[in-house]
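# Chain and residue survey
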Amino acid sequence: MKLNNILKPIKIVGVVALLLTSQSCKNLLDEKVISGIGNDYMNTPKGFEDAVKAAYSSLRYYYGTQQGLTMTEYGTDIYATGADGGYKGFHFYDTQLNPTVDYIGLTWDELYRGINTCNAIIDRAPAATVTDAVKKLRVAEAKFLRAHYYYLLHQQFGGVDLRLSETLAPTKDTKRATDAEMYAAIIKDLEDAIPALEAKAQSADYGRATKPAAETLLAKVYLAKAYSASKATDDFAKAAALCKTVTTAYGFKLLDDFASVFDENNQVNSEVVFAVQYTSDPLTNLTNNTGAVNGGNNLHLLFGMQYDVQPGMKRDIFYGRPFKRLRPTPYFLNTVFADRVNDSRYKKTFRDTWLSNNPGSNLNPSFDDSKTKLTFAAGDTAIFIPGVEWTKAQRAAKKYQVLVPSMYNEALFPTLQKFFDTKRPDLTYEAGSRDYFVFRLADVLLMQAEAYLQSGNKAEATAAFNQVRFRAGWPGKKDAMLIKEADMNFEQIIEERGRELAGEQTRWMDLKRWGLLVERVQKYNPQAATNIKATHNLRPIPQTQIDRSAKNAEGVSVFAQNPGY
């Protein structure tokens with residue numbers, strides 16, 4: 001049974017509904033226990049299992065959601081704003097990005113909610129009436145999850161309040177941990193968890209943390225640490241060794257076709273290392289503070305262009321509901337995806353064709369000035385995006401609208417198609433049921449290449465790198481995708497991660513850990529070039545956290561704001 005089929009939001013007194021310092025008094029007063037279960041319930045076999053399942057639920061706030069995407073893809077070198085939506089301060093790095101933005105506070109609150117559930121599991125495990133084997137495994141899962149939540153908090157906010165035991169009541173006793181303390185705690189949790197987790201590609205109870213998932217996360221932590229002021233000389237070597245274990249010891253395999261990785265009918269595949277699961281059940285999908293109708297994986301909403309007002313088209317389930325939140329930058333399209341002869345990923349990443357679902361005649365073109373009237377039968381091509389400029393005469397020869405790069409704008413642009421969800425019950429339904437792939441094999445191989453390259457081992461770096469490149473090649477062109485060891489360099493890593501992982505909630509975190517966020521945004525993202533500065537390598541600490549922490553003798557919060565906010 002998949003974990004997502006049994007992972008329901010639950011509230012257990014003193015376990016799941018625990019309130020941390022960052023949560024409001026309103027939340028404290030409104031919190032309702034929806035069952036008569038008391039604290040001792042967690043000591044029972046079912047109560048202990050329920051608590052562990054609940055510890056996973058905070059992942060659904062961050063992964064596969066608009067708020068998580070806002071924190072990870074907005075304001076980078078590969079994406080700019082679309083026509084609709086708020087939170088554009090995360091793109092522009094202007095005064096809209098401030099300590100009172102709700103996504104800042106809600107992300108903080110939800111990740112700490114997950115942490116405190118993990119703390120309760122770890123602290124109360126000795127009293128739980130389950131076998132030692134079950135106890136050991138579930139505590140390892142909780143430590144993996146706690147490390148995961150702290151890793152996200154640390155990368156986004158810097159040193160935070162490092163709580164490693166259960167918080168039973170609101171408190172103002174807070175402090176910011178140092179970067180060294182954060183890394184030490186996260187690494188210890190993962191090193192504790194790895195020996196006890198299942199040493200297999202996928203748990204029999206699909207969706208639970210496994211040994212390779214924890215090893216992947218630990219490799220990410222070492223990579224981040226290796227670029228930080230807390231770096232050690234062996235961080236890259238440790239990351240490389242962990243990645244090599246994940247890529248060779250468990251039977252993971254790259255799928256032959258890049259597009260098949262994101263086939264919504266093939267979600268449990270040989271490339272998935274760890275996934276956050278969603279279902280068509282609104283109760284299962286729902287977690288706290290998502291802001292989405294019925295929760296769910298809603299990334300299918302956020303990358304679409306406004307196709308549904310074009311001649312011959314109307315909104316439908318297949319082409320999706322176009323929220324127009326993100327559009328690719330020219331650098332992303334023209335440099336990162338420059339090779340379209342050998343590399344299949346431009347074609348398989350972006351939707352370039354829309355077939356008419358609203359037939360008619362004597363329709364007026366919207367953007368293509370090469371023709372005056374259009375006629376479409378059902379299934380005719382209505383819109384085509386060639387990805388390169390065509391002359392007016394070339395466009396006029398076609399019976400459909402041709403969207404060329406000079407016509408791209410905030411409403412019309414190549415549409416990322418990785419996350420489309422055709423299983424939604426109707427065309428307005430926001431919640432998606434697709435699993436969200438947090439870690440997949442191609443990501444680990446590129447991490448492995450990076451770690452080896454930074455360790456001075458270009459041969460191993462090139463070998464790992466070329467596995468991803470080879471898979472991405474068109475049939476008959478795969479050998480042309482391979483690079484020579486002499487050509488292996490860091491720019492290759494930067495661009496390959498962009499091509500392979502576009503939209504997968506990695507880009508901001510990558511640029512930040514490399515120390516390249518400011519440089520590359522200034523170079524490739526004109527919307528943010530003027531405003532971005534070193535300050536923006538961290539998010540502002542939520543004002544609620546600062547206000548609710550204790551004050552010093554001068555009346556200033558002991559929980560310091562990040563510099564520049």
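Residues numbered from 1 in each chain as written. Predicted model: local features only at pLDDT ≥ 70, side-chain atom pairs only at ≥ 80, totals over all residues. Heavy atoms only, no water.

Before going further, it helps to spend a moment on the environment of Ala-459. Along the polypeptide, Ala-459 turns up in helix α16 (residues 458–472). For the pair Ala-459 and Lys-484, spaced 25 residues apart in the sequence, the C-alpha separation amounts to 9.2 Å. (Helix = DSSP H or I, 4+ residues; strand = E, 2+ residues; numbered from the N terminus.)

Pairing in this open sheet of three strands is mixed, and the strands run β5-β8-β9 from one edge to the other. Only two strands of the sheet have a single partner each, and these edge strands are β5 (353–355) and β9 (401–402). Alignment of strand β8 (residues 381–384) against β9, held across two bridges, turns out to be parallel. Looking at the pairing, Phe-384 lines up with Val-402 of β9. (Pairing = 2+ DSSP bridges.)

Turning our attention to empty space enclosed by the protein. Summed over the entire model, instances satisfying the criterion amount to six cavities of 30 Å³ or more. Residue lining of the largest cavity: 19 residues in total, with Tyr-151, Lys-220, Gln-505, Thr-506 and Met-509 positioned closest to the centre. Among the elements of the structure, α7 (132–157), α9 (211–226), β11 (436–440) and α19 (507–514) are those that each provide at least two residues to the lining of the largest cavity. In terms of residue class, the lining of the largest cavity is made up of 10 nonpolar, three polar and six charged. (1 Å grid on protein atoms, 1.4 Å probe; cavity = no way out; pocket = protein on both sides within 12 Å on 5 of 7 lines; lining within 4 Å. Points joined across faces, edges and corners; volume = space filled by probe spheres on them. Nonpolar A, V, L, I, M, F, W, Y, C, P; charged D, E, K, R; others polar.)

A few words on the packing of aromatic side chains. One pass over the structure, following the stated rule, counts 28 aromatic pairs. Look at Phe-144 and Phe-274: their rings are 5.2 Å apart centre to centre, the planes differ by 75 degrees, and that puts the pair in the edge-to-face class. In this pair, Phe-144 is assigned in helix α7 and Phe-274 in strand β2 (residues 272–276), connecting sequence segments 130 residues apart. Phe-144 gets classed as buried once you look at its relative accessible area, which sits at 0%. Ring centres 6.0 Å apart and planes at 75 degrees place the aromatic pair Phe-332 and Phe-350 in the edge-to-face group. In this pair, Phe-332 is assigned in helix α12 (residues 330–336) and Phe-350 in strand β4 (residues 350–351), connecting sequence segments 18 residues apart. (Phe/Tyr/Trp six-rings, centres within 6.5 Å; stacked < 30°, edge-to-face > 60°. Buried < 20%, exposed > 50% of the residue type's maximum accessible area, 1.4 Å probe, protein only.)

Now for the pattern of salt bridges. Under the counting rule described, the total for this entry stands at 47 salt bridges. Of the charged contacts in the structure, one is a salt bridge between Arg-138 and Glu-141, with a shortest N-O distance of 2.6 Å. Of this pair, Arg-138 and Glu-141 both sit in helix α7, three residues apart, which is roughly one turn of the helix. Of the two residues, Arg-138 and Glu-141, neither departs from the other in class, the shared state being buried. Between Asp-368 and Arg-395 there is a salt bridge whose closest N-O contact spans 2.7 Å. With Asp-368 in the loop between β6 (360–363) and β7 (374–376) and Arg-395 in helix α14 (residues 392–396), the pair connects residues that are 27 residues apart, well separated along the chain. Take Asp-368: its relative accessible area is 1%, and that puts it in the buried class. Given the relative accessible area of 7%, Arg-395 is considered buried. Overlapping salt bridges bring together Glu-271, Asp-343, Arg-345, Lys-418, Arg-440, Arg-469, Arg-471, Glu-495, Glu-496, Arg-499, Glu-500 and Glu-504 as one network. (Salt bridge = Lys/Arg side-chain N within 4 Å of Asp/Glu carboxyl O.)

It is worth stressing that arrangement in space is one thing and function is another; only the former is reported here.
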